[in-house]
Amino acid sequence: MPVLIDIARLATCPPDGGPDDIGEVEDAALVWRDGVIEWVGRRLDLPTRYADEPRQSAEGALVLPGLVDCHTHLCFAGDRADEFTERLRGTPYLEVAKRGGGILKTVRHTRAAREDELLALAQERLDRMIRRGVTTAEVKSGYGLSPEAELKQLRVYRQLAAETGVRLIPTVLAAHAVPPEFAGDRAAYLGVVCGEILPAVAREGLARFSDAFVESGAFTPDEARRVFEVSRQLGLTPKLHADQLSDTGGGALAADVGAISADHLEFVSERSIRAMAAAGTVAVSLPLATLVLDTPPLPAQALREAGVPVAVATDFNPGSAPVCDLPLAMWAACVRQRMTPAQVLRGATTVAARALGIQDEVGSLLPGYAADWIGVDRRSAEAWMYDFAPDAVTQTVVAGDAR
Ligand code: NIG
Ligand code: FE
């Protein structure tokens, strides 16, 4: 039963705290058994029953809950570097997509890739995420868009979780785009989504959540409603890519279908914010995508004042957010969304865990929670975000094991 000492400062990030409550403890100790936290507090208060247990040194680090990246598109093949330049020259994201680029370009590459190739690509990206402090990640399909290719992506996640021990929470995103073979017949594709893909995913237990992209060029609110009705019947909880490029009433739709989160929300309306607050929907902010696409940040202050918890995630994907760096997303959430370092730390730990329905298991350093923690070479969360450095995370630990 290891006792972690030499912790200059620790943040517990309590699940029921206010937006700025990170539960800081100075000169702390952390005790876990079989991967689960048993005691946390000031070292001076360490109970004598732990006196003979082996000590482990945090070497004066700041110790935080392992980070939870609650929105990623980790599994895909190929890249879209050419589109990056094209967009910088002024072609809008949806225009690039209309010309055959965008999501459908990645779909072509992902369909053509073998499962073992996808696994190797995803593994390398996950390693980078772990080095930056991620211990839990939500992982979406959505670059297959056929029964076979969607299941291929989700199986990659299952294997990746088994091989790395990192907590991966899979989401089926078959309603990401209409694939080319159904270009003239959206209804037929939705028939495949609802009649084949979702049932097969549920049968094999390959996903916990079901997501849809509601936007012009993607799916309408009514189409998403249908996807979510079927999802619910199959035990898949809704999530939603909402109001990213325009206000489609996505936030209110998410609230209405009982989605656990509405993600993006750059163009969310006041009405949607009220609906989300009433329904308890978590807002997932994706600041790296707003930097890449040069879109406005989501209204974090209005969401917070309405009582909607705001999570922070990377949205890692080959188009709008090709950077799998959650601390960088947290920093961007500070400077672009005017969130405090404490708010973004909660946003990437306990609030992110809430967006995945696992806020009683991970995202906080409290008794009964997983011993998932990171060591950061900074004196406080505030100092970490202030002079942001890419290598500040020095240790990532999952269930008590160093990664
Ligand atoms: O979250 N908005 C839709 N889906 C992704 C982008 C996917 C892509 O461009 O490949 C997103 O931004
Ligand atoms: Fe996304």
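A brief structural summary. Counting restarts for each chain, with residues numbered from 1 along the sequence as it is written. Ligands are numbered from 1 and chains lettered from A, in the order in which they are written. The predicted origin of the model limits local features to residues at a pLDDT of at least 70 and limits the giving and counting of side-chain atom pairs to 80 or more, whereas totals for whole chains, interfaces and linings rest on all residues. Computation of side-chain values covers all heavy atoms of the structure but excludes hydrogens and water.

1. Some remarks on the pattern of salt bridges
Quick reminder of the rule: Throughout this description, the term salt bridge denotes a Lys or Arg side-chain nitrogen within 4 Å of a carboxyl oxygen of Asp or Glu. Numbering of helices and strands runs from the N terminus, with a helix taken as a DSSP run of H or I at least four residues long and a strand as a DSSP run of E at least two residues long. Note on exposure labels: buried denotes an accessible area under 20% of the residue type's maximum, exposed denotes more than 50%, and partly exposed covers the range between, all computed with a 1.4 Å probe on protein chains only.
This model, assessed by the stated rule, comprises 20 salt bridges. The closest approach of N and O atoms between D256 and R225, which form a salt bridge, is 2.8 Å. Of this pair, D256 sits in helix α8 (residues 250-256) while R225 sits in helix α7 (residues 221-233), placing them 31 residues apart in sequence. Given a relative accessible area of 52%, D256 falls into the exposed group.

2. Examining unusual backbone geometry
A positive phi angle, near 50°, is found at D34, a position not held by glycine. Looking at the element boundaries, D34 is found in the loop between β2 (24-33) and β3 (36-42).

3. Describing the nonpolar core
Nonpolar side chains in soluble globular proteins generally cluster together in the buried interior. Note the following rule: Residues grouped as a nonpolar core are buried Ala, Val, Leu, Ile, Met, Phe, Trp, Tyr and Cys residues, joined through side-chain atoms within 4.5 Å. All domain edges in this entry derive from an automatic or database-based domain assignment.
In terms of nonpolar packing, the biggest core is built from 100 residues, with L67, L74, V172, Y189, M330, L345 and W384 touching the most fellow members. With nine residues, the single largest contributor to this core is helix α6 (residues 186-203). Taken together, domain 1 (3-65 + 363-402) and domain 2 (67-354) each give at least three residues to this core, which thus spans both. Judged by nonpolar contacts, the second largest core, of 18 residues, contains I260, L286, L356 and A370.

4. Focus: the packing of aromatic side chains
Note the following rule: We call Phe, Tyr and Trp rings a pair once their centres come within 6.5 Å, taking the six-membered ring for Trp, and we label the pair stacked below 30 degrees between planes, edge-to-face above 60, and tilted otherwise.
On inspection of all chains with the given rule, the structure shows five aromatic pairs. Between the aromatic rings of F76 and Y143, the centroid separation amounts to 6.1 Å while the plane-to-plane angle is 70°, which identifies the pairing as edge-to-face. With F76 in the loop between β5 (67-69) and α1 (81-88) and Y143 in the loop between β6 (134-140) and α5 (147-164), this pair connects stretches of sequence that are 67 residues apart. The class of F76 is buried, set by a relative accessible area of 5%. Residue Y143 is classed as buried on the basis of its relative accessible area of 2%. For the pair F182 and Y189, a centre-to-centre distance of 5.6 Å together with 45° between the ring planes defines the contact as tilted. A relative accessible area of 0% means that Y189 is categorised as buried. Cluster of aromatic residues (ring-pair linked, three or more members): F76, Y143 and F316.

5. A short note on the coordination of the iron ion (ligand 2)
Put simply, the rule is: Coordination here is defined by N, O and S atoms within 2.8 Å of the metal (3.2 Å for Na, K and Ca), and since water is not considered, a site can look incomplete.
Every protein donor of the iron ion (ligand 2) is listed here as H71 (NE2), H73 (NE2), H241 (NE2) and D315 (OD), and their distances to the metal cover 2.1 to 2.2 Å. For the iron ion (ligand 2), all donor residues lie on one chain, and their spacing in sequence is H-x1-H-x167-H-x73-D. Of this pair, H241 sits in strand β9 (residues 237-242) while D315 is found in the loop between β12 (310-312) and α12 (326-337), placing the two residues 74 residues apart along the sequence. For the pair formed by H241 and D315, the shared burial category is buried.

6. Details of the site of ligand 1
Filter applied, for reference: Each residue is tested against the molecule or strand, and it is near if at least one of its non-hydrogen atoms lies within 4 Å. Counted as a polar contact is a pair of N or O atoms within 3.5 Å, where, for protein atoms, one must be capable of donating a hydrogen and the other of accepting one, and residues adjacent in sequence contribute only when both atoms are in side chains. Only the protein chains shown count as covering a residue, and every accessible area follows the Shrake-Rupley method with a 1.4 Å probe. As a working rule, the residues Ala, Val, Leu, Ile, Met, Phe, Trp, Tyr, Cys and Pro are called nonpolar, Asp, Glu, Lys and Arg charged, and the rest polar, with Gly in that last group.
Close contacts around ligand 1 come from 15 residues, with R80, Y93, Y143, Q244 and S320 the closest. Contact between ligand 1 and H176: a nitrogen atom at 2.8 Å from a side-chain N or O atom of the residue. Within the side chain of H241, an N or O atom sits 3.0 Å from an oxygen atom of ligand 1. The fraction of the free accessible surface of ligand 1 (320 Å²) that becomes covered by protein chains is 100%. Across the shell around ligand 1, the residue classes tally to four nonpolar, nine polar and two charged.

7. A closer look at the pairing of β2
For the record, the criterion: Pairing between two strands is assigned when DSSP locates at least 2 bridges connecting them.
For strand β1 (residues 3-11) and β2, the ladder comprises six bridges, and the chain directions are antiparallel. The partner of A11 across the bridge, within β2, is E24. In terms of strand pairing, β2 meets β3 through six bridges, oriented antiparallel. Its bridge partner being in β3, L30 is matched across the sheet by V40.

8. Some thoughts on the sheet that holds β6
Here is the rule we go by: Comment: axis = line fitted to C-alpha atoms, over the contacting stretch for helices; angle = value between 0 and 180 degrees taken between N-to-C directions. By definition in these notes, contact holds between two residues if any of their heavy atoms fall within 4.5 Å.
Within the open sheet, the eight strands sit side by side as β5-β6-β7-β8-β9-β10-β11-β12. Their pairing is parallel. Two strands close off the open sheet at either side, each with one partner strand: β5 and β12. Each strand axis lies, on average, 25° off the axis of its neighbour in the sheet, ignoring direction. Lying on the sheet, α12 is in contact with β5, β6, β11 (282-285) and β12; it crosses β5 at an angle near 80°.

9. Some words on the packing of helix α4 (residues 115-131) against α5
Counted only if it meets this: Roughly parallel means an angle under 35 degrees; roughly antiparallel, over 145; roughly perpendicular, 65 to 115; everything else is oblique. What makes a crossing left-handed is the near helix being turned counterclockwise from the far one by less than a right angle; a clockwise turn instead makes it right-handed.
Put simply, α4 and α5 touch, their axes get as near as 9 Å, and they point 50° apart. Viewed along their axes, α4 and α5 adopt a mutual orientation that is oblique. As for how α4 packs across α5, the hand of that crossing is right-handed. Across the interface between the two elements, E115, L118, L119, A122, Q123 and L126 from α4 touch K152, R155, V156, Q159, L160, E163 and T164 from α5. Considered class by class, the residues forming the contact of α4 with α5 number six nonpolar, three polar and four charged.

It is worth stressing that arrangement in space is one thing and function is another; only the former is reported here.
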